Amino acid sequence: MRVGIAGASGYTGLELVRLVPRHPELELVAITSEQRAGMAAGDAFPGLRGLVDLRFEGLDPKRLAERVDVAFCCLPHGGSARAVAELRAAGVVVVDLSADFRLRSRDDYARWYGEHAAPDLFGAAVYGIPELHRAELAGASFAA
């Protein structure tokens, strides 16, 4: 399964960059970072040398959707919704690690984060805690 990581130079993104290549069924094909676009992963983070032979690219959800089966969105809260909406519209399985789709109450979201950038998708993601939502996560195409 081809995987892309949006926001791959942040804390959660980097952890996934380290984990995905070690998974026998996953192939890391794209990593994005606005700040490090064009840089080789191993030059930006020496600990990735020998593990990842990719360059960071700017985030273009439509282009990313053409190349991946699954996208992990590790973008800041409030910044993930638009990318997730474009990836979902293109049929990509998405795991969003921000808070943009984690909450169930629009009022709670607005109180903590402000206006939601993809209100049509609000509440559509399965909350990604297997201990609580194992049945719903099996085969889910959108998790938060």
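Summarised in this report is the structure supplied together with it. (Residues numbered from 1 in each chain as written. Predicted model: local features only at pLDDT ≥ 70, side-chain atom pairs only at ≥ 80, totals over all residues. Heavy atoms only, no water.)

## Let's talk about the pattern of salt bridges
Pairing is possible between side chains of opposite charge, provided their charged atoms come close. For clarity, the cut-off: The rule for a salt bridge is simple: a side-chain nitrogen of Lys or Arg has to be within 4 Å of a carboxyl oxygen of Asp or Glu. Helix and strand assignments come from DSSP, with helices taken as H or I runs of at least 4 residues and strands as E runs of at least 2, each series counted from the N terminus. Note on classification: 1.4 Å probe, protein chains only; a residue is buried when its accessible area is under 20% of the maximum for its type, exposed when over 50%, partly exposed between these limits.
Under the defined criterion, the tally for this structure stands at six salt bridges. Measuring nitrogen to oxygen at the nearest pair gives 3.3 Å for the salt bridge that ties Glu15 to Arg18. One end of the pair, Glu15, and the other, Arg18, are both in helix α1 (residues 11–19), three residues apart, so they sit about a helical turn from each other. Using a relative accessible area of 33% as the deciding quantity, one classes Glu15 as partly exposed. Between Asp108 and Arg111 there is a salt bridge; the shortest N-O distance is 2.3 Å. Here Asp108 and its partner Arg111 are both found in helix α5 (residues 106–113), three residues apart, which amounts to about one turn of the helix. Look at the salt bridges and you will find they share partners, linking Glu57, Arg63 and Arg67 into a network.

## Comments concerning the sheet that holds strand β2 (residues 27–32)
To keep it simple, the criterion reads: Strand pairing is assigned whenever DSSP detects at least two bridges linking the two strands. Here, residues are in contact when the closest pair of their heavy atoms is within 4.5 Å. Interaxial angles span 0 to 180 degrees and are taken between N-to-C directions of axes, which are lines fitted to C-alpha atoms, for helices over the stretch in contact.
Strand order in the open sheet formed by six strands is β3-β2-β1-β4-β5-β6, with parallel pairing between adjacent strands. Both edges of this open sheet fall to β3 (56–57) and β6 (142–143), since each of them pairs with a single strand only. Its contacts with the sheet place helix α4 (residues 81–89) against β4 (70–73), β5 (93–96) and β6, and it is angled at close to 160° to β5.

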